[in-house]
Amino acid sequence: GVPTIAVRDIAIHRKRNDLVLATFGRGFYVLDDYSPLRDAVKTVEERVALLPVPDAFLYVEASPLGGGPRGAQGDALYTARNPAGGAVFTWFQRSELRTLRARRLAAEKAAAAKGQDIPYPAWDSLRVEEREEPPAVLLTVADEQGNVIRRISGPTGAGFQRVSWDFRYPAPNPVTSAAPPAGAEGDEEAGGFGGPRGPLAPPGTYTVTLSIRQNGRETMAGTQTFHALPLGQGALAAADRAAVTAFHQRTAKLQRAALGTSAALGEAENRLSMLRRAIDLTPGAPAALAERGRTLAGRLRDLRVELTGDPVIEAAQEPTPPTLLNRIQRVVGNTWSNTLAPTATHRHNYDIAAQQLAEFLPRLRSALDDLRKLEDDAEAAGAPWTPGRVPTWKPE
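Below, the structure is looked at part by part. Treat the numbers as computed from the prediction; the structure is a model and nothing was measured.

## Brief notes about helix H2 (residues 100-113)
Then, number 1: A rise of 1.5 Å per residue sets the reference length of H2, with its 14 residues, at 20 Å; its end C-alpha atoms lie 20 Å apart and thus fit the reference within 8%.
Then, number 2: Taken together, the buried positions of H2 are Arg104, Glu108 and Ala111. Seen along its axis, H2 keeps its buried residues to an arc of 60 degrees; they face one direction. The exposed residues of H2 that point more than 90 degrees off its buried face are Lys109 and Ala113.
Then, number 3: The inward-facing, buried residues of H2 abut helix H3 (123-131).
Then, number 4: Gly115 occupies a position one or two residues after H2 and carries a positive phi of about 80 degrees.

Here you go:
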């Protein structure tokens, strides 16, 4: 990535193993941690090699400009992207991991270059290619007790590769797509805040294991041990960090359940809205079905108000009392973004939200049971298909 220009100065940051080049064009470039190159000759002889992991400092990166490299300053503010924070994992891979289709196409291309005939693959072979799970590189982080903390996927290309772990547990947010969302976790270019984040892991000793997954089977390719060191002692004693981590884990479990509850309620609302329209389109549907749909829609709206707030009051820009989700998000937003202990207010909000969710879920399940019964009766009445239903059919 260095342009064709005179390099006027070179500096080595020996403590961090960084190489810095200054060019005649008044720019400079940094190669972060060149230490893997010391054993490059030995490393490239192996098929896959996970290299030693330097000790990494655990801290929460500041956002003085309001998020993102430039914050709200726009393109007029020059910035250069910082190296990824957290623990950096480096490995070497002699050859790219390719799918069966990619390997077949490469073989066909080589055969065509030699003037050889290219046979058409059999249907069974093409079906295997279509159903193949893409190969993947996985890095599994575990603590000193062997508990898995995080699984991170890495690039599958050949050569030296790097990914970083930001010292966080996985995000407890619902999975609503088979593909990762745009602006994945830690992506500074995706608006600055990245995607969902989990709570911070405590300082300590960790291990990372590199695995290659092909055809659904994982093969371990190496393990390294590293240390997560706090950047400064901070306000917490080492003995208190375990208690803070335990509180973060409890809030993550509560957030997972609460966000899943909100997603399930949203799914039910969508199913019901389409089901009510399908009932209206069914000439022979009893009038009682439409009435049951209206009653159930009101119940779901009441549950939504309790969970996320009253949209009527909010539309008038009037204050509303804290909701279940609001309490949880305040605790998560205020405690996961620093390394301090939660306050008494945070703990009190957690206790209130935990009790509210325990009382909320049975009423949501009751509404979902009534929705399924309404869907069954709509199917019996011959209503058009809607999500959540499987049509019934008997040959006549």
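After presenting the structure, the write-up continues.
## A look at the sheet that holds strand E4 (residues 48-50)
Strand pairing in a sheet takes place through backbone hydrogen bonds and is either antiparallel or parallel in direction.
Then, number 1: Spatially, three strands are ordered E4-E6-E9 in an open sheet, and the strand pairing comes out antiparallel. The strands lining the two open edges of the sheet, one partner per strand, are E4 and strand E9 (159-165). Geometrically, the sheet is characterised by an average inter-axis angle of 20 degrees between neighbouring strands, direction not taken into account.
Then, number 2: When strand E6 (residues 87-93) meets E9, the two strands line up antiparallel, connected through seven bridges. From the neighbouring strand, Trp91 faces E9, where its bridge partner is Gln161.

## Some details on a nonpolar patch on the surface
Then, number 1: On the surface, a nonpolar cluster with roughly 410 Å² of combined accessible area is contributed by Val2, Val7, Ile10, Ile12 and Tyr29.
Then, number 2: Here the nonpolar patch takes three residues from strand E1 (residues 7-13), the largest share from any one element.
Then, number 3: Along the chain, Ile10 falls in strand E1.
Then, number 4: With a relative accessible area of 55%, Ile10 lands in the exposed category.

## So, the packing of H2 against H3
A pair of packed helices is characterised by two quantities: the angle between their axes and the separation of those axes.
Then, number 1: Packing of H2 against H3 leaves a shortest axis separation of 8 Å and a crossing angle of 130 degrees. As summarised for this structure, H2 and H3 are arranged oblique, according to the angle between their axes. Mapping the contact onto sequence places Leu100, Arg101 and Arg104 in H2 and Leu126, Val128 and Glu129 in H3.
Then, number 2: Classifying every residue of the contact of H2 with H3 gives three nonpolar, no polar and three charged.

## With respect to the pairing of strand E2 (residues 18-23)
Then, number 1: Inspection of the sheet shows E1 paired to E2 by six bridges, in the antiparallel sense. Within E2, the position partnered with Ile12 by the bridge is Leu19.
Then, number 2: Turn length for the E1-E2 hairpin, with the two strands adjacent in sequence and antiparallel, is four residues, and the turn residue Asn17 shows positive phi of about 60 degrees.
Then, number 3: Pairing analysis gives four bridges linking E2 to strand E3 (residues 28-31), with the strands arranged antiparallel. When the bridges of E3 are listed, Ala22 appears paired with Phe28.
Then, number 4: Hairpin remark: E2 followed by E3, antiparallel, with four residues in the connecting loop; positive phi at Arg26, about 65 degrees.

## Some words on the sheet that holds E2
Then, number 1: Ordered in space as E1-E2-E3, the three strands form an open sheet in which the pairing is antiparallel. The open sheet has two free edges, formed respectively by E1 and E3, since each of these has just one partner strand. Taken over all neighbouring pairs, the strand axes of this sheet differ in orientation by 15 degrees on average, direction set aside.

## Section: the pattern of salt bridges
Then, number 1: Scanning the model with the defined rule gives 17 salt bridges in all.
Then, number 2: A salt bridge links Asp124 to Arg127, with the nearest nitrogen and oxygen atoms 2.8 Å apart. On the criterion of helical spacing, the pair formed by Asp124 and Arg127 is a turn pair, its members being three residues apart in helix H3.
Then, number 3: Salt-bridge contacts for Asp166 lead to Arg150; the nearest nitrogen and oxygen are separated by 3.3 Å. Of the two residues, Asp166 is situated in the loop between E9 and strand E10 (204-214) and Arg150 in strand E8 (residues 148-154); the sequence distance between them amounts to 16 residues.
Then, number 4: By relative accessible area, Asp166 is classed as partly exposed at 22%.
Then, number 5: Members of the salt-bridge network, linked through shared partners, are Glu133, Arg151, Arg213 and Glu218.

Conventions and cut-offs
- Residues numbered from 1 in each chain as written.
- Predicted model: local features only at pLDDT ≥ 70, side-chain atom pairs only at ≥ 80, totals over all residues.
- Heavy atoms only, no water.
- Helix = DSSP H or I, 4+ residues; strand = E, 2+ residues; numbered from the N terminus.
- Expected span 1.5 Å × (residues − 1).
- Buried < 20%, exposed > 50% of the residue type's maximum accessible area, 1.4 Å probe, protein only.
- Arc of directions from axis to C-beta.
- Contact = heavy atoms within 4.5 Å.
- Pairing = 2+ DSSP bridges.
- Axes fitted to C-alpha atoms, helices over the stretch in contact; angles between N-to-C directions.
- Patch = residues over 30% accessible without salt bridge, like charges linked within 9 Å, V, L, I, M, F, W, Y side chains within 5 Å.
- Areas by Shrake-Rupley, 256 points an atom, 1.4 Å probe, with all protein chains shown as cover.
- Salt bridge = Lys/Arg side-chain N within 4 Å of Asp/Glu carboxyl O.
- Parallel < 35°, antiparallel > 145°, perpendicular 65-115°, else oblique.
- Nonpolar A, V, L, I, M, F, W, Y, C, P; charged D, E, K, R; others polar.

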